Amino acid sequence: MNDPQIWTLIGVFSALMLASTRYTVSALRAEMRTGQAELGGRIDTLGGQLVATEKRLEQKIDATADRLDAKIDATADQLDAKIDATADQLNAKIDATADRLDAKIDATADRLDARIDTIANRSDAKHDHLTEVFGVRLDSIDHRLGAVEDDLKIVKAHLLRHPAA
């Protein structure tokens, strides 16, 4: 190992190794920078695509929400119309039932009034008859009472003429 040629070969080989390592490192750095720039570009492109996709998705969601709101509003309007129609039908049925009940109540009241009038007429007739009968009986009693009073006067006069001993 003392030969200058060997040292020269070692030096040349070492220089070649260092040069090739340096070249490889430089090439790797250049490739990394290129890959980094390319990756950055792709990331930026992907970010732009993501933003565009997000905007399209928001537009689709907004459009779907608008259609859904329109359908809900239409359904609510239909339900309101059905409820109003049902309420109108129920009100008409209630009014018809109330009218029938009013007619029945009026008819019943008329029948009761007629019966009450009949009973009142019968009661008046019986009252008149009883008044007449009692009047006749009272007249008869008055006549008999008059006769008894006359008899008492006769008895009194007789007793006054013939006192009892």
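Residues numbered from 1 in each chain as written. Predicted model: local features only at pLDDT ≥ 70, side-chain atom pairs only at ≥ 80, totals over all residues. Heavy atoms only, no water.

Novice: How should I be thinking about the overall build of the protein chain in this particular structure?
Specialist: Summing up its helical and strand segments, the protein chain has one helix and zero strands in all. Taking 2.2 N^0.38 as the reference for a compact globule, 165 residues should give roughly 15 Å; the C-alpha atoms of the protein chain span a radius of gyration of 67 Å, well beyond that estimate. Across its three principal directions, the C-alpha atoms of the protein chain cover 215 × 50 × 15 Å. When burial is assessed residue by residue, the protein chain has 0% of its 165 residues classed as buried. Counting only carbon and sulfur atoms, one obtains 62% of the accessible surface of the protein chain, whose full area is about 15200 Å². (Helix = DSSP H or I, 4+ residues; strand = E, 2+ residues; numbered from the N terminus. Rg over C-alpha atoms; globule rule 2.2 N^0.38 Å. Buried < 20%, exposed > 50% of the residue type's maximum accessible area, 1.4 Å probe, protein only. Areas by Shrake-Rupley, 256 points an atom, 1.4 Å probe, with all protein chains shown as cover.)

Novice: How should I be thinking about the pattern of salt bridges in this particular structure?
Specialist: For side chains bearing opposite charge, pairing can occur when the charged atoms are close. Per the counting criterion, the structure on display carries one salt bridge. Across the pair Arg-42 and Glu-38 runs a salt bridge, and its minimum N-O distance is 3.3 Å. Here Arg-42 pairs with Glu-38, and both are found in helix α1 (residues 4–161), just four residues apart, close to one helical turn. Note on Arg-42: relative accessible area 56%, which makes it exposed. (Salt bridge = Lys/Arg side-chain N within 4 Å of Asp/Glu carboxyl O.)

Novice: Looking at this structure, I do not really get a nonpolar patch on the surface. What am I missing?
Specialist: Taken together, the side chains of Leu-130, Phe-134, Leu-138, Ile-141, Leu-145, Val-148 and Leu-152 present a nonpolar region at the surface, about 680 Å² in accessible area. Topologically, Leu-152 is positioned in helix α1. Take Leu-152: its relative accessible area is 53%, and that puts it in the exposed class. (Patch = residues over 30% accessible without salt bridge, like charges linked within 9 Å, V, L, I, M, F, W, Y side chains within 5 Å.)

Novice: Would you mind showing me how to read the environment of Ala-27 here?
Specialist: For Ala-27, the location among the structural elements is in helix α1. Its relative accessible area of 32% is what places Ala-27 among the partly exposed residues. Along the backbone, Ala-27 and His-158 are 131 residues apart, and their C-alpha atoms lie at a distance of 181 Å.

Novice: Can you help me understand a negative patch on the surface in this one?
Specialist: A contiguous patch of negative charge, built from Glu-54, Glu-58, Asp-62, Asp-66, Asp-69, Asp-73, Asp-77, Asp-80, Asp-84 and Asp-88, is present on the exposed surface. Mapped onto the secondary structure, Asp-62 falls in helix α1. (Lys, Arg positive; Asp, Glu negative; His and termini not counted. Charge placed at Lys NZ, Arg CZ, Asp CG, Glu CD.)

Novice: Got a minute to help me understand the environment of His-143 in this structure?
Specialist: Within the secondary structure, His-143 sits in helix α1. For His-143, a relative accessible area of 62% puts it in the exposed group.

Novice: Would you mind going over the environment of Glu-38 with me for this structure?
Specialist: When its relative accessible area of 44% is taken as the criterion, Glu-38 is described as partly exposed. Placed 85 residues apart in sequence, Glu-38 and Ser-123 show a C-alpha to C-alpha distance of 122 Å.

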